[in-house]
Amino acid sequence: MSDICRSVMSRLISLLSVLILVLGDPVPQGHHYYSELERNSMNHWPCPQTSPDIHSAYSVHSLKPQDIAVLSAIGLPHTAGSLMPTIMNGLYELLSLFNPDLFSLLPEEKYHDPVQQFGRLLEQAEETALLLNQWQPANTERDWKLVVLFVQLDKQCACTEQVNVLVNEVDAALQLLRSQLTKAIISVAILDTDSDNGRVQPSRACPCPPDTSNWDHLLTTAIYAHVLLESLEHQLVKKSWYSNREDFTVQLQGVPLSAYLLHNTPLDEEHQAYKLVLQLWENLLQTASKQEDRDSEMLKIRCPSEEKPFLRTVKNSLSETRPGPRAASQSANAFMGTELPCEDMTPSIAPPTSVHEVRPADIGVVAALGDSLTAGNGVGSAPYNLLDVLTQYRGLSWSVGGDRNLSTVTTLANILREFNPELLGFSEGTGTQTTVHASLNQAVAGATSSDMLKQAKALVNRMKKDSRIDFHSDWKVITMFIGGNDLCDSCQNTLQYSTENFVKHIQEALDYLHHEVPRAIVNLLEPIHITPLREMHQDSTLKCPTWLVRIICPCVILPKSGSKSLQDLNDLNRAYQRGLVDLVESGRYDTHSNFTVVLQPFLRDITLPVMNGRPDRSFFSPDCFHLSQKAHTLMARGLWNNMLEPLGNKTHFQDFSAGSFVKCPSETAPFVQTYKNSNYTYAGPTPPPSPILNWGSDFSCKDTAPSSSVPTSVHRLRPADIKVVAALGDSITTGLGAKSQNFFQLSTEYEGVSWSIGGDLTLNSTTTLPNILRKFNPSLQGVSKGQGILVQKGFNMATSGAKASDLPAQVSKLLQSLQSSQTVNFQMDWKLITLLIGVSDICQYCLDQNNLSPQNYSHHLMEALDLLYKEVPRVLVNIIAVPQIDGLKKVKSNSLPCSLIPRNTCPCLIIPDDNSLEQIKLKLINLEYQTVIEQLISGGRYDGREDFTVVLQPYLQNTVFPLSKNGNVDPSYFTVDCLHLSERAHSEMAIALWNNMLEPVGKKQAFNNFTYDRTKIRCPSQSEPFIYTKMNSLPNFSTTSEPIIDTPVPTTQQSFCPSTIPIWVPVVLGVTGLLLGWGVTWLFLWRRFKKTKDKPIEDKAESKATNF
């Protein structure tokens, strides 16, 4: 299609896009989802025979998807921001692929106060039954109905009482539906989506105690969702609604509809909706016995099988056999208890004054910090009593529990009580860390490393307040074990759970204890090797509640075997362990004789216990995640043995299937082992990284030679063949303020360090594209050098504040400079021109929407490229994708320039509120700028010459703003105005551009990775020696010989609509677009008049703004 036709259709599509944005109609949301569904399946729709059967199904138990004539739903949460209407729309579209005549009947969508959501199921059931009975199908024989009944657990009010209320409400709604509907299948789904703003507001009459722990809240919600599922199943079986009618049944979905089960990394709303639709679809098809064991990363459209072509009911599916309770082992008490064979259990003759001479009997106080494994969640729970996992059995906790005695309960505290019956601090019974019986067990369920300092302070406070403890004289053993929850959530926020942050949090807690607590030995445990726990959820015969563990520990359970995500988890796990080794080896906690930290590594590697070739579930609590008393027994023995082993020779492997014997102090080694009494020498602190003196790069390329003869084709251009560089653009290319240190230097243009054209010094100290190219051709022409009034501009035609409309003038100036240059052979030298423009246009878009429209942007870009194409021989043009600028709002600083300059320079981005209509529209315009560039380049307009090409380098297409360790945008990449780029950013821009140039078209990296590394520069290879273009990116392109082609430089001609398209087509499209434009304008003004209360953005911005 010609450019005129393409332009008309592009404008029409743009107008329709704006119409969708302005109207905000729910239907386009469904179509937006459908485009995702279509991209993934419609071209290769996997399900055969999707047309409705001629004859209607005679039984609800033989219903196929194509037999469903009407779809409805009850219990949809019509709260602000809910994705559920979109998800139901997606299910409707999916079912429509089986039956195009499918009809959707939903109760009227009303906004309900979340507090009043509950108790509405019966009311909605009445509305739905009325709608369905009034509906007149086209074919009365084929009027089967599918009704999805959503049951949502109040996340702020999760307890047994609420479960009972919900079960009764569902019961009442189902009774009504059963009495009034025929030819219906009711699918009950427990709803727990992250898309409904994460939480449901608390009910005013909630009978449950308040929950203040985020993670414990998550565990509580997940477990009560499971209890609700079991309660509903029991109720439905008791009422026998599964099977007593052939024209009505209730299907309970065996897995909650939950965003937590989707992926091990956060998903945007579109992909979340897409995945939830597929999850809902699978719940309708699959039998319960298969649902819980699927890998969420394999969520794809699945078809009814030949063996099981029907929608699932109890009759037509395999019944889910739940395991019955296991009998307790007759040798349970013998296994849980421990016999201590030690002979010498006496204390020192006099209380020791050195931490390196402490015998077990000298220890008077025991304490612990950590998470649910130390709090004792589920340790004493009966098999399959999932609800009891919420109980914290602190008296059975491996490191600090003190229930009964060592003969029946093995814990470190009970072992130490054999040496000193007067031991204090151990926890007893059940309860949270705030109870009296918790004593010095201050572990908090759900804690991460960031909670350790808070726990340490709480522990010291309890020690000082306990009148039985002589705080300054008693010897204390404190066990710290943390890291599992960090790993469980690590993929959700890689910065927050980085190794550096993990070690920093542990160090803060240990520093506090070191400063505050005298006479203490701290057992610091390495984080457990966590990935073997996945084995519990890979064997479906174990009947583990895998979907529940996916919610509380997604980053461990969700990754596929052999995936990069799993490898990243393993790497982080090991990095955590090494980080603690380095922390202790630094010797920072051995500055005096009454305190030390000893690393106990017995959990560095673990082997799960096996019974009959399968993981032994008896070592785990009912959720198959927390550990049972059998496992706590082995952990207590392992910790005790580690404490008696000398440093440098400690056990770093725990085989849970092998059990363990208990060691004893010896005459030659009677003390708890420390570095000093082990004759161990610390490795010392890790030396700090060398300071960064400049932003240069290392160069490792070996083959830097040019072509054997000057190439005549741009598709055979080696880096060393380039003789001239030039640049077009705005302040990013002029290097405005790049090396500035204060407000007064912001107006200086540091062109010598500009990413695409700068040539100051050498690559070793200044990374720019020309400095990289000068490694291949030292006589490269056109580079910019210097700064300010002393600058040598070379062929840098960029001007600060330029917009796309300035490009043709910059090209004309470049032509004059090239033709008049005494050092350039205009006809023969190969030229590399880099162009980046558009940020200023977007920043000012709201002030001049007509002139700065994406269409005008494309037009100006086309004018500039047309001029180059017509006038300049032997050119490769790099066009850089316009970056996504919305992240600039997150750049923060306390400086005055950072507060003022961005508002004047980029008002259309900085002034609007987050998620405002103005900001959303600007994001769409930003994306459209990127789209029109791609359309212009990919259209073949500049493919007619052998010595000219335009290549889109997309590394800024998905702009990632680098973060500092505190989680904010790293200010070192920006000048003091928080807007323009620093020399560090210019260095990263240059490397990313160079690497993009060496990547094939279609396989180029479309995001930036701005991290300091002097070795990131890639090299051409013998098999891939050329700078990539569209032509030489083809798989059959030869690198051995060059065709001799003498192609004259053509002049550009206006292209008209081809004869294959009737002339009336663009006319009709144009008129339609005009009418739509009038309608959109009227609607937009009407909506703004009715809804907008704030002043227009133009009133907020100054009339004359500083250009980017």
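Note: the structure precedes this text.
These remarks concern the structure in this document. Residues take numbers from 1 onward in each chain, read along the sequence in its written order. Since the coordinates come from a predicted model, pLDDT governs what is reported: local features require at least 70, and pairs of side-chain atoms require 80 or more to be given and counted, while whole-chain, interface and lining totals use all residues. Calculation of side-chain values draws on the structure's entire complement of heavy atoms; hydrogens and water are dropped beforehand.

### Things to note about the overall build of the protein chain
Logical step 1: Every helix listed is a DSSP run of H or I at least four residues long, and every strand listed is a run of E at least two residues long, numbered separately from the N terminus. For the protein chain, the helix and strand inventory stands at 29 helices and 18 strands.
Logical step 2: The cut-offs for exposure are 20% and 50% of the maximum accessible area for each residue type, with area from a 1.4 Å probe on protein chains only; residues under the lower value are buried, those over the upper are exposed, and the others partly exposed. Out of the 1108 residues in the protein chain, the part that is buried amounts to 55%.
Logical step 3: We call two residues in contact whenever any of their non-hydrogen atoms come within 4.5 Å of each other. The contacts of the protein chain with a sequence gap of at least 6 include a subset with a gap of at least 24, amounting to 78%.
Logical step 4: For the protein chain, the exposed area adds up to about 48,000 Å²; of that, 53% sits on carbon and sulfur atoms. The method behind every accessible area is Shrake-Rupley, applied with a 1.4 Å probe, and residues are considered shielded solely by the protein chains displayed.

### A few points about the pattern of salt bridges
Logical step 1: Basic side-chain nitrogens of Lys or Arg form a salt bridge, by our definition, when they fall within 4 Å of a carboxyl oxygen of Asp or Glu. Scanning the entire structure with this criterion turns up 19 salt bridges.
Logical step 2: Notably, a salt bridge pairs Glu 246 with Lys 315, separated by 3.6 Å at the nearest N-O pair. Note that Glu 246 is positioned in the loop between helix H6 (214-239) and strand E5 (248-252) and Lys 315 in the loop between helix H8 (288-291) and helix H9 (332-336), a separation of 69 residues in sequence.
Logical step 3: In this structure, the salt-bridge partner of Asp 947 is Arg 945, at a minimum N-O distance of 2.9 Å.
Logical step 4: For Arg 945, a relative accessible area of 2% puts it in the buried group.

### Things to note about the state of the cysteines
Logical step 1: To count as a disulfide, a pair of cysteine sulfur atoms needs to be within 2.5 Å. Scanning the entire structure with this criterion turns up eight disulfides.
Logical step 2: A sulfur-sulfur separation of 2.0 Å characterises the disulfide bridge that pairs Cys 898 with Cys 978. Taking the torsion about the S-S bond as the criterion, the Cys 898 to Cys 978 disulfide, at about -110°, is left-handed. Here Cys 898, found in helix H24 (residues 896-905), pairs with Cys 978, found in the loop between strand E18 (948-953) and helix H27 (983-997); they are 80 residues apart in sequence, far enough to count as distant. Exposure class is identical for Cys 898 and Cys 978. Each is buried.

### A short note on the sheet that holds strand E17 (residues 875-880)
Logical step 1: Spatial ordering of the open sheet is given by E15-E16-E17-E18, a layout of four strands whose pairing is parallel. What marks the edges here is a single partner per strand, and that holds for strand E15 (722-729) and E18. Each strand axis lies, on average, 20° off the axis of its neighbour in the sheet, ignoring direction.
Logical step 2: One bridge is not enough; two strands pair if DSSP finds at least two bridges between them. Here E17 runs beside E18; their pairing, made up of six bridges, is parallel. If you follow Ile 880 over to E18, its bridge partner there is Gln 953.
Logical step 3: Fitted lines through C-alpha atoms serve as axes, helices being fitted only where they are in contact, and the angles separating the N-to-C directions of these axes extend from 0 to 180 degrees. Relative to the sheet, helix H23 (residues 854-871) contacts strand E16 (830-836), E17 and E18, its axis offset from that of E18 by approximately 145°.

### Section: helix H21 (residues 807-820)
Logical step 1: The end-to-end C-alpha distance of H21 is 20 Å, a good match for the 20 Å that 14 residues give at a rise of 1.5 Å each.
Logical step 2: Within H21 the residues assigned to the buried category are Leu 807, Pro 808, Gln 810, Val 811, Leu 814, Leu 815 and Leu 818. Taken around the axis of H21, the buried residues stretch over an arc of 155°, which confines them to a single face. H21 presents Ala 809, Gln 816 and Ser 820 as exposed residues on the side facing more than 90 degrees away from its buried surface.
Logical step 3: Taken together, the buried residues of H21 touch E15, E16 and H23. In this scheme, a helix's expected span is set at 1.5 Å multiplied by one less than its residue total. Taken from the helix axis, the directions to the C-beta atoms give the arc we talk about.

### Structural notes on the packing of H23 against helix H26 (residues 917-938)
Logical step 1: Where H23 contacts H26, the two axes come as close as 9 Å, and the packing angle between them is 35°. Judged by the sense of rotation from one axis to the other, the crossing of H23 with H26 is right-handed. Seen from H23, the contacting residues are Pro 854, Gln 855, Tyr 857, Ser 858, Leu 861, Met 862 and Leu 865; seen from H26, they are Ile 925, Glu 928, Tyr 929, Val 932, Ile 933 and Leu 936.
Logical step 2: Charged residues are taken to be Asp, Glu, Lys and Arg, nonpolar residues to be Ala, Val, Leu, Ile, Met, Phe, Trp, Tyr, Cys and Pro, and polar residues to be all remaining types, Gly included. Partitioned by chemical class, the residues of the contact of H23 with H26 number ten nonpolar, two polar and one charged. In this scheme the crossing of two helices becomes right-handed for a clockwise turn of the near helix relative to the far one and left-handed for an anticlockwise turn of less than a right angle.

### A few points about the sheet that holds strand E10 (residues 595-600)
Logical step 1: Sheet architecture is open: four strands sit in the order E7-E8-E9-E10, paired in parallel fashion. Each edge of the sheet is formed by a strand with only one pairing partner; in this case those strands are strand E7 (363-370) and E10. On average, adjacent strands in this sheet sit at an angle of 20° to one another, irrespective of strand direction.
Logical step 2: Across six bridges, the pairing between strand E9 (residues 520-525) and E10 is parallel. Across the sheet, residue Ala 520 finds its bridge partner in E10, namely Phe 595.
Logical step 3: The strands that helix H17 (residues 564-585) touches are E9 and E10; relative to E10, the one it contacts most, it runs at about 150°.

### Structural notes on helix H3 (residues 84-96)
An α-helical turn contains 3.6 residues, so a residue and the one three or four places further along point in the same direction.
Logical step 1: Here H3 spans 18 Å end to end across 13 residues, near enough to the 18 Å set by a 1.5 Å rise per residue.
Logical step 2: Most of H3 sits inside the fold, with ten of its 13 residues counted as buried.
Logical step 3: Those residues of H3 not exposed but buried are Met 84, Thr 86, Ile 87, Met 88, Gly 90, Leu 91, Glu 93, Leu 94, Leu 95 and Ser 96.

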